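# Residue-level structural notes
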Amino acid sequence: MTRHLQIFYVTVILLLLAAPIVVVAGVSLNGQQSLRFPPQDLSLKWYAELFRNSDWLVPLRNSLIIAAVSSLLAVAIALPLALHVWSRNNRLARALYVLGVAPFMLPPVISALGFLVFWVSIGMYGQMTATIISHGVFLVTLPVVTISLGLAGVDTSLVEAARTMGARRGQVLRTVILPLLTPYMISGYAFAFVLSLNEYIIAYMVAGFTVETLPIKIFNSLRYGYTPIMGVVSVIFVGLAALAFGLIGRYGNLPRLLGAERVGND
Amino acid sequence: MTELSLRRMTKRFGRLTAVEDVTLDIPDGTFVCLLGPSGCGKTTLLRLLAGLETPTEGQVIVAGEDQTTVPPEKREFGMVFQSLALFPHLSVADNIAYPLTIRGRSKAEVRERVETLLDLVQLSDLGDRRIHQLSGGQRQRVAIARGLAIDPRVFLLDEPLSALDANLREHMQVELRQLQQRLGVTTIVVTHDQKEALTMADVVIVMNEGRVQQIGSPMEIYRDPANAFVAGFIGTSNLLPCTLNTDRSIEVFDYRFDVEEEDRLKSDPGAGLVLSVRPEDVRLEAPSTGIPAKVIFIRDLGESIQFVLDQGDHEIYALYAPSARPDIGLGEEVGVTFAPGKRVVFPA
Amino acid sequence: MSGMRQNSTPGWLPFVPVAWLLLFFLVPFAIMLTVSVAHRVPGGFYEPGFEFDSYLRFFSVFFGRILLTSILISAGAAVICVLLAFPFTLSLARMKQRGQTIVLVILLSVLSLSEVIIGFSLSTLLSKTAGVGNLLAALGFIEESRAYTPSLFALMAGMCYLALPYSVLVLYPPVSRLDPELGEAARMMGASPFQTFRTVTVPMLRKPMMGALILVFVFTLGVYLLPQVLGQPQHWTLSVHITDQAIFQSNLPFAAAMAVLLLLVSLAMVGLSLLLGRDKVTDT
């Protein structure tokens with residue numbers, strides 16, 4: 001393909017991907033409780049409504065708490081796992097890596113059902129703690145992948161240099177490896193946070209009737225009455241995702257994080 | 001008084017023997033170059049000294065104490081890595097301060113020492129820079145300063161100048177040598193560049209296939225190579241198959257000549273030996289004398305003229321000063337002889 | 001020779017993550033396995049047992065239709081997505097780093113969107129009052145606006161919307177590692193751009209493409225919500241039925257049996273794609 005054709009093709013696909021979001025953003029600006037596009041009686045009242053109406057405020061708060069805590073859990077579990085796999089690199093360590101990557105690779109319904117029967121069995125079905133831990137396990141893959149990538153980029157001679165300069169094992173970890181991994185831990189956290197906010201099926205199966213999150217609230221509204229607030233939430237979620245990934249792209253190397261090795265610096 | 005000794009050191013990686021039965025003693029304050037082709041085991045030997053590898057057999061002894069099983073952080077050595085291994089998350093000053101802060105030295109002491117070191121490597125104004133903001137030569141200096149920060153008992157450098165371009169490399173060779181002489185620290189540099197080794201070292205250790213081939217001053221190594229490998233590896237030598245007869249005569253191809261007083265015989269008489277002659281000791285004469293050969297290439301190197309001769313099975317190199325250039329052209333047949341007293345016979 | 005990287009972390013380090021993942025990831029699967037062979041109490045939950053009634057239901061016409069629907073819809077979406085994503089990824093990998101980063105941010109933002117939000121957005125886009133129908137009517141292509149959802153078309157559009165960014169990200173690593181000099185060499189030897197594409201690019205990326213196809217298929221098998229929002233009941237896939245049986249029909253044993261089946265299929269497929277990926281390493 002020629003250069004122009006390539007750019008044209010990429011642009012068309014991106015526009016198609018943007019179309020539903022544009023429509024939803026338009027819908028969120030309707031003055032009335034109707035989903036019209038182009039919107040009528042332009043107004044931002046539904047944005048205010050999200051933060052005022054307790055029907056939506058509670059799920060918003062739930063979603064934020066779950067995302068913040070579960071992503072922290074995911075990073076806390078992923079870091080020692082990735083470090084161990086990196087430093088040992090034997091069969092057992094590789095099996096551990098597969099275990100860390102598996103939760104996110106499988107169809108989420110399977111994990112969701114697994115979590116459901118698990119929490120029912122131990123009597124924690126319907127509690128927010130159950131949702132948080134489930135998300136923490138489900139999303140552990142993302143920091144495992146980003147931190148492992150970070151470790152793969154750590155030059156072994158940095159570790160050796162630190163050792164020859166008098167640093168013990170633990171000091172090498174603290175003064176060399178962890179500082180180098182910080183950006184990868186932050187990206188892993190951001191990925192996990194955004195995905196936890198958007199996750200529906202696990203939150204639904206584990207505590208859908210007691211701990212409503214925003215996706216669950218939207219799905220319920222799809223059945224029992226559309227409102228422009230759904231558009232508002234969608235716009236905010238897209239914005240948050242774009243902000244998080246944009247920051248990673250701005251301060252990190254997103255192409256490398258996603259597996260590209262051959263990227264020019266121009 | 002730090003004397004560094006290796007006793008019967010052997011290192012195997014699986015079935016590969018990287019270092020085999022190396023024994024050597026390095027006196028205090030010596031500048032040593034470990035020289036050899038890539039894969040000869042010189043880097044492994046350095047890593048064994050540093051404690052980054054554990055020997056399969058043998059001992060490392062520093063100032064009379066066995067250090068073989070001491071981990072690298074307890075050896076009080078300084079090391080510069082081939083990749084330099086500067087920490088990208090730390091500033092220049094913090095890189096140099098690293099070995100001091102890891103030892104819990106006081107802030108004031110660290111600051112003073114870092115300033116001294118920055119002065120030493122002429123980077124006084126760049127302490128706050130990040131590593132990626134420095135040029136190749138500047139990074140080199142940071143790595144050297146960092147390696148010297150604790151006044152190490154031994155300073156180890158693994159191909160430290162290999163990433164620099166030719167001009168800068170020569171400059172840094174001189175600078176490194178001067179620095180070492182000023183500080184008097186025992187220094188061991190791994191290099192595959194013989195010119196670098198001959199420029200810097202008090203003692204050159206030539207290695208090949210995991211074994212030490214020769215230990216000596218640069219002059220000894222160049223003038224009196226211990227074996228055919230060293231003769232071929234250091235400078236250029238013509239290495240030709242020869243026979244040494246019991247009547248003290250040498251036969252090369254069909255050319256036969258008597259051994260002179262100054263010629264060196266490093267082998268008992270026999271067939272299948274190697275005659276080594278430097279190109280500057282090769283003489284081109286009329287076709288009737290010596291080894292018949294044909295001139296296939298002439299090249300003016302500025303300070304000398306090089307002739308490449310085809311003997312049939314071997315190429316022979318001859319070097320003349322421009323003032324002594326013989327009147328011989330491309331394609332001419334000549335006879336090759338060797339300057340008496342400059343001929344060395346090695347076992348193959 | 002990485003002597004210092006070996007054992008550079010303490011041996012107890014993995015115990016916490018291992019214990020955590022065993023408890024909260026493997027134990028749930030084990031429980032699910034026991035539930036799948038438990039005895040169903042109609043109208044209630046289940047009681048412990050060891051019977052294969054739930055698995056025997058796989059051999060019914062009802063289930064056969066679900067399976068066929070799932071496979072057709074997922075495979076269709078996977079093929080469409082990989083075909084669309086391949087030229088997209090090639091173009092993306094040729095961009096400068098800044099351009100690549102921007103496109104990747106957009107793709108990730110779409111990919112991370114909740115299925116609920118994508119379902120809602122597309123149902124709005126395809127609705128009578130706020131979408132394509134309005135546009136077409138305004139342009140005079142149709143008499144008056146109409147809804148294009150729920151329908152198979154809407155469902156496939158949703159599936160592709162969901163899976164296209166994923167397909168690009170799966171193809172991105174192998175495509176971006178392809179040495180551009182290979183293509184340039186082919187051009188120097190007289191190949192046209194199209195010939196270069198056909199004789200160099202495609203053959204070199206055949207295995208990654210197959211791998212991507214399988215991974216995208218597994219990904220679309222996991223779509224649990226779009227068939228409910230954008231499709232009609234006959235378009236419900238295995239994932240939808242698992243949710244339905246678990247929550248609304250209160251038949252946990254059957255839901256668990258279906259989940260076990262889905263798990264096995266997914267694992268087999270992912271394993272197959274890993275095998276394809278390994279071959280690629282040994283050839284080059």
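Cut-off values and rules
- Residues numbered from 1 in each chain as written.
- Chains lettered and ligands numbered in written order.
- Predicted model: local features only at pLDDT ≥ 70, side-chain atom pairs only at ≥ 80, totals over all residues.
- Heavy atoms only, no water.
- Buried < 20%, exposed > 50% of the residue type's maximum accessible area, 1.4 Å probe, protein only.
- Helix = DSSP H or I, 4+ residues; strand = E, 2+ residues; numbered from the N terminus.
- Contact = heavy atoms within 4.5 Å.
- Buried area = accessible area lost by both parts, 1.4 Å probe.
- Salt bridge = Lys/Arg side-chain N within 4 Å of Asp/Glu carboxyl O.
- Polar contact = N/O pair within 3.5 Å; in protein donor to acceptor, adjacent residues only side chain to side chain.
- Nonpolar A, V, L, I, M, F, W, Y, C, P; charged D, E, K, R; others polar.
- Patch = residues over 30% accessible without salt bridge, like charges linked within 9 Å, V, L, I, M, F, W, Y side chains within 5 Å.
- Areas by Shrake-Rupley, 256 points an atom, 1.4 Å probe, with all protein chains shown as cover.
- UniProt positions renumbered as here; feature names shortened; annotations may be inferred.
- Domains from an automatic or database assignment.
- Pairing = 2+ DSSP bridges.
- Axes fitted to C-alpha atoms, helices over the stretch in contact; angles between N-to-C directions.

Residue and element names in this part refer to chain C. Counting buried positions over the 11 residues of helix 12 (residues 238-248) gives 10, a clear majority of the element. Residues of helix 12 that are buried: Leu238, Ser239, Val240, His241, Ile242, Thr243, Asp244, Gln245, Ala246 and Ile247. Ser250 occupies a position one or two residues after helix 12 and carries a positive phi of about 50°.

Bringing the interface of chain C and chain A into the picture now. A common way to state how big an interface is: give the accessible area lost once the parts meet. Listed per partner, the contact involves 93 residues of chain C and 93 residues of chain A. A buried area of about 8600 Å², summed over both sides, lies between chain C and chain A, and 75% of it is on carbon and sulfur atoms. The tally of links from chain C across to chain A stands at zero salt bridges. The interface formed by chain C and chain A holds nine residue pairs in polar contact (both at pLDDT 80 or more) in total. If you tally residues by element for the side of chain C that touches chain A, the top one is helix 1 (residues 15-36) of chain C, at 15 residues. A per-class count over the side of chain C that touches chain A returns 63 nonpolar, 25 polar and five charged.

Side chains of A:Leu5, A:Phe8, A:Val12 and A:Leu16 sit close together on the surface and give an oily, nonpolar patch of about 400 Å² of accessible area. Relative to the elements of secondary structure, A:Val12 occurs in helix 1 (residues 3-27).

Within the UniProt annotation, "domain: ABC transporter" (unreviewed entry) is assigned to residues 4-234 of chain B. Helix makes up 36% of residues 4-234 of chain B and strand 26%, whereas the separation of the span's terminal C-alpha atoms amounts to 26 Å.

Take the domain arrangement of chain B next. All names here are of chain B. On domain assignment, one finds that chain B holds domain 1 (4-228) and domain 2 (237-347). The centre of domain 1, based on its C-alpha atoms, is set 40 Å off from the matching centre of domain 2. At the interface, seven residues of domain 1 touch eight residues of domain 2. If you look at where domain 1 meets domain 2, you find two salt bridges. With its nearest N and O atoms 2.9 Å apart, the salt bridge here joins Lys266 to Asp224. In terms of residue class, the side of domain 1 that touches domain 2 is made up of four nonpolar, one polar and two charged.

A few words now on the sheet that holds strand 10 (residues 211-216) of chain B. Residue and element names in this part refer to chain B. Spatially, six strands are ordered 6-7-8-3-9-10 in an open sheet, and the strand pairing comes out mixed. Each end of this open sheet is capped by a strand with a single partner; those strands are strand 6 (78-80) and strand 10. Here the strands of the sheet are splayed against their neighbours by 15° on average, with no regard to which way each runs. When strand 6 meets strand 7 (residues 154-158), the two strands line up parallel, connected through three bridges. Within the sheet, the bridge partner assigned to Met79 lies in strand 7 and is Leu156.

Residues and elements named next belong to chain B. Along the chain, Leu49 falls in helix 1 (residues 42-50). A relative accessible area of 4% means that Leu49 is categorised as buried. Along the primary structure Leu49 and Arg75 are separated by 26 residues, whereas in three dimensions their C-alpha atoms are 9.5 Å apart. Setting aside residues up to four positions removed in sequence, Leu49 forms contacts with Leu4, Leu6, Val60, Arg75, Phe77, Leu156 and Ile188.

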